[in-house]
Amino acid sequence: MSEFSQLVDDMDSALFDALSTAVGEHRRPGCRPRSDVQLIIDHNLQQVGPQGLHATDALGISCRCEQVPDVDRGDLFIVGCKRYAVELVLSNDGHVITAACMEIK
């Protein structure tokens, strides 16, 4: 790993240590669960559509690629007794993945 890559990883770690709002679990059908995943949960998710910016019922959940290398539709994030299903991966820059998720009630 290059020195720059190490600096970016250190920055991501510091960012999530400071801003994470929950620690949870990531589950994918047919795979072992990943626990102790630092998560940033955005309850005010807005998305851009054909008519501009609009609020959604979805939450944004972000995690580090180092902890969860890949997220797909249908995966679950579990935080305490709440379960969130991944609806759409919004971004993945190779460091942080952000997904639009819906709470399963």
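Residues numbered from 1 in each chain as written. Predicted model: local features only at pLDDT ≥ 70, side-chain atom pairs only at ≥ 80, totals over all residues. Heavy atoms only, no water.

Right, let's get into helix 1 (residues 3-19). In an α-helix there are 3.6 residues to a turn, and that puts residues three or four apart on one side. Helix length check: helix 1 (17 residues) gives 24 Å between terminal C-alpha atoms against 24 Å at 1.5 Å per residue, within 8%. Every buried residue belonging to helix 1 is among Val8, Asp9, Asp12 and Phe16, and all of these are buried. All buried residues of helix 1 lie within an arc of 100° about the axis, which places them on one face of the element. Those residues of helix 1 that are exposed and angled more than 90 degrees off the buried face are Glu3, Phe4, Leu7, Met11, Asp17 and Ala18. Looking at the buried positions of helix 1, the neighbouring elements they touch are strand 2 (34-42), strand 5 (59-64) and strand 8 (96-104). (Helix = DSSP H or I, 4+ residues; strand = E, 2+ residues; numbered from the N terminus. Expected span 1.5 Å × (residues − 1). Buried < 20%, exposed > 50% of the residue type's maximum accessible area, 1.4 Å probe, protein only. Arc of directions from axis to C-beta. Contact = heavy atoms within 4.5 Å.)

Turning to the pattern of salt bridges, a few remarks are in order. A full pass over the atoms with the stated rule returns six salt bridges. Arginine 27 is paired through a salt bridge with glutamate 25; the nearest N and O atoms lie 2.3 Å apart. Of the charged contacts, one joins aspartate 70 and arginine 28 as a salt bridge, the two residues approaching to 3.7 Å between their closest N and O atoms. Here arginine 28 lies in the loop between strand 1 (22-27) and strand 2 and aspartate 70 lies in the loop between strand 5 and strand 6 (76-79), a separation of 42 residues in the sequence. Classification of aspartate 70 by relative accessible area gives partly exposed; the value is 35%. Put simply, Arg28, Asp70, Asp72 and Asp75 are held in one network by salt bridges that share partners. (Salt bridge = Lys/Arg side-chain N within 4 Å of Asp/Glu carboxyl O.)

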